[in-house]
Amino acid sequence: TPLATAVLLLLSMLPGLYAVGSTNKKSSLVMAVVYCSLCAFIFMFHVHEKAILTTIIPLSLLATYNVSCARLYIRTSALGLFGLFPLLFRVQELPLKVFAYIGYMSMILHVLSENFNGKLLLTTVDYIGMIWIAAVSFFLEVFHPLFLYPWMEQLPL
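From a predicted model like this one, the values you see are computed outputs, not experimental measurements. All residue numbers refer to positions counted from 1 along the written sequence of the respective chain. Owing to the predicted nature of the model, reporting of local features is limited to residues with pLDDT of at least 70; listing and counting of side-chain atom pairs is limited to 80 or more, with chain, interface and lining totals taken over all residues. Calculation of side-chain values draws on the structure's entire complement of heavy atoms; hydrogens and water are dropped beforehand.

Caption draft 1: Highlighting the pattern of salt bridges. Whenever Lys or Arg places a side-chain nitrogen within 4 Å of a carboxyl oxygen from Asp or Glu, that contact is recorded as a salt bridge. Scanning the model with the defined rule gives 3 salt bridges in all. Its salt-bridge partner being E93, residue R90 comes within 3.4 Å of it at the nearest N-O pair. The partly exposed category is assigned to R90, whose relative accessible area is 45%. E141 is paired through a salt bridge with K97; the nearest N and O atoms lie 2.7 Å apart. Of this pair, E141 sits in helix α6 (residues 124-148) while K97 sits in helix α5 (residues 94-115); the two residues are 44 residues apart in sequence, bridging distant segments of the chain. Exposed residues in this analysis have more than 50% of their type's maximum accessible area, buried residues have under 20%, and partly exposed residues fall in between, with area computed by a 1.4 Å probe over protein chains only. In this description a helix means any DSSP run of H or I spanning at least four residues, a strand means any run of E spanning at least two, and both kinds are numbered starting from the N terminus.

Right, dumping it as structure tokens:
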């Protein structure tokens, strides 16, 4: 119900709101905005995949703050942008979304790595996640349309 969702949202936001009120750090406000926007993405009614952008955009402000924020930004961007793939559903748009995704992820990895003096930002779990995203993309964009489409039309959903 909407009331239960609103209560869950407010309860989940309390730690972030408390943190911003109890510290005097400049970054705590931005961290609280990111935390609250992620809470809103998880607990609120939203009707579109684009809702994750309300978390990714403010998180980009924190990406250069420290390595953990950079890793969180990379992970959130990788998964959030992958969630936007269904918006580009035509066959002609496949090269655009693949090259845009690879280009964007390469750019943020390069820029953030340079920001932290060449420190490796991706962990083993991140590499496994990237491989998983590539495998799911291959299944959705190549295997399913060629072999399963007439019989299992709704499988990608």
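Caption draft 2: Geometry of the packing of aromatic side chains. Stacked, edge-to-face and tilted labels apply to pairs of Phe, Tyr and Trp rings (six-membered ring for Trp) whose centres lie within 6.5 Å, assigned for plane angles under 30 degrees, over 60, and everything in between, in that order. The final tally for this structure, using the stated rule, is 4 aromatic pairs. Aromatic pair F85 and Y101: ring centres 5.3 Å apart, planes at 75 degrees, arrangement edge-to-face. Within this pair, whereas F85 is found in the loop between α4 (67-83) and α5, its partner Y101 is found in helix α5, the two being separated by 16 residues in sequence. With respect to class, F85 is no different from Y101; both count as buried. Linked through ring pairs, F82, F85 and Y101 together constitute an aromatic cluster.

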